[in-house]
Amino acid sequence: MAKIWTVWLAISTAFLLALSGCTAAENTGGQGAAGGSDFPMVEIYNTQEELLTTVEFSNALFPVQDGIVYAKGSINESGNSDMEFHYYQWNSQEDKTLGAMEDIAHITRDPVYADGHLYMYVLTGSLMGNGQLHLMDFDLAQGSMTEIFAEDNGDPYNTMTVQGDRLLMGKIEKEGIFLKEYNIKTGEQKTLLRFDFDESTDVGETIRGLDSDGETISLLMYVKETPESEVQLRLDVYDLDLNLLRSMDFSFVSSDENERRQAVSHFVSTGSTVYYENYSTTTFLGRVEGNRAEKIMETIEVEGMFTMARETEPNRETGIFVNAFNPENILYRVDYATGRVEKAEFSPNENEEILSVRRDGEDTLLIQMDESGKNTSQDEKRKMYFVPLSELEFEPFL
């Protein structure tokens, strides 16, 4: 499994550092969570330009139904982070400390929110294959943090989603590739599916994407049949009891084999609507009928960077997308049932561009913005807007 892990590490680490605008080497002299910070601050405003709060922005900032969970802390001598996890509530303006961890090498970009809990992978120790992977449970009502399990040499880029009371996890392990579940009510863990992969030849199958729309479970599979064959992608859709309903080739997303090899940053499979985005340049937003896939809209040949809003609580009715780093600042809302697309502009100030979008379970967006073309220094404050979808004026696009 080491080759897959190394590729994911290189791509994902570069992407994370690009978003946060910082490296451990740039963060020196901070005082840590108790007396200062090695990370920049982010000011969060409403659409009337009223300041709601200012919190630390280590890039581990996740919206939940009535607030945000974020991490604050400092870089230690090893180059890792000692972090506190906080829960800030919009209405009460209360900021709870959920817990603390030391020597963090990586925090997942895609935690999962379910039933008042936020589930998150945290890797401590080394990123080079001998760290310890922790699955953490943040109980927001109780204001606590609990470790569900820890495993040596775990892959921090394992996929995760929620289906009912089940936390579904696509896991890369030494023994193989697994789809596993953790029951969030009973604490029971079990293996659902296993796939074989030979790291010496790159032959076999591994899970690139995982999603569930509540009626089905979808796996996006990396497939290489022989050492001489090209890498293919395959979409497998199962019922909730893991009976295979259908399988189709998904390699059409790119004619470039190197693109098909890339780790996947977004994967959504809801009804007949599918969204794919890797850590390189390939995106696809379309509808799948039988063994055919039809593009809903162009996502590659666009100005800026087409991407999806990050969701801690997946919305199964609509998806929010954006052309980031584009002065037009257009947001798109896609109806998963019909494929209908609407657009809205969000430009509260001139010369500001949308950098990223986060979405909570109450149809509120956190939109990060910066001046067009600006190279923000490490110690400069970032800026986000708290934007209810109801305040945006969507109009038909496609």
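Residues numbered from 1 in each chain as written. Predicted model: local features only at pLDDT ≥ 70, side-chain atom pairs only at ≥ 80, totals over all residues. Heavy atoms only, no water.

**Student:** Please explain the nonpolar core as it appears in this structure.
**Tutor:** Looking at soluble globular proteins, one finds that nonpolar side chains tend to be buried together. Judged by nonpolar contacts, the single largest core of 21 residues is most densely connected at F85, I107, L118, M120, V122, F138 and L140. For this core, the elements supplying multiple residues, two or more each, are β3 (61-64), β4 (67-75), β5 (81-89), β6 (95-107), β8 (117-124) and β9 (132-139). Counting residues per element, this core draws most heavily on β6, which supplies four residues. Other than its neighbours up to four places away in sequence, F138 contacts F85, L98, G116, H117, L118, M120, S144 and M145. (Core = buried A, V, L, I, M, F, W, Y, C linked by side-chain atoms within 4.5 Å. Buried < 20%, exposed > 50% of the residue type's maximum accessible area, 1.4 Å probe, protein only. Helix = DSSP H or I, 4+ residues; strand = E, 2+ residues; numbered from the N terminus. Contact = heavy atoms within 4.5 Å.)

**Student:** In this structure, what is going on with the packing of aromatic side chains? I would like to understand it.
**Tutor:** Two measures describe an aromatic ring pair: the distance that separates the ring centres and the angle between the ring planes. In the structure shown here, the tally under the stated rule is 15 aromatic pairs. Considering the side-chain rings of F85 and F138, the 5.0 Å spacing of their centres and the 50 degrees angle between planes classify their relative orientation as tilted. You can see F85 sitting in strand β5 and its partner F138 sitting in strand β9, a full 53 residues away along the chain. By the burial criterion, F85 is buried, and F138 matches it. With centroids separated by 6.2 Å and ring planes inclined at 55 degrees, the aromatic side chains of Y275 and F306 adopt a geometry described as tilted. Taken together, the residues Y275 in strand β21 (residues 273-278) and F306 in strand β24 (residues 305-308) connect sequence positions 31 residues apart. F306 matches Y275 in its accessibility class, with the two residues each being buried. Feature note: the residues Y275, F306, F321, Y332 and F397 constitute an aromatic cluster, connected by ring pairs. The ring of F178 has K180 lying over it, and the distance from NZ or CZ to the ring centre is 5.0 Å. R333 extends its terminal NZ or CZ atom over the ring of F394, reaching a point 4.1 Å from the ring centre. (Phe/Tyr/Trp six-rings, centres within 6.5 Å; stacked < 30°, edge-to-face > 60°. Lys NZ or Arg CZ within 6 Å of the ring centre and 35° of its normal.)

**Student:** How should the pattern of salt bridges be read in this particular structure?
**Tutor:** Proximity of charged atoms lets side chains of opposite charge pair with each other. For the structure on display, the rule yields 20 salt bridges. Its salt-bridge partner being R261, residue E257 comes within 3.5 Å of it at the nearest N-O pair. Pair noted here: E257 and R261 are both in helix α3 (residues 257-261), with a separation of four residues, about one helical turn. You can call R261 partly exposed: its relative accessible area is 27%. Here the salt bridges do not stand alone but share partners, grouping E151, K171, E173 and K180 into one network. (Salt bridge = Lys/Arg side-chain N within 4 Å of Asp/Glu carboxyl O.)

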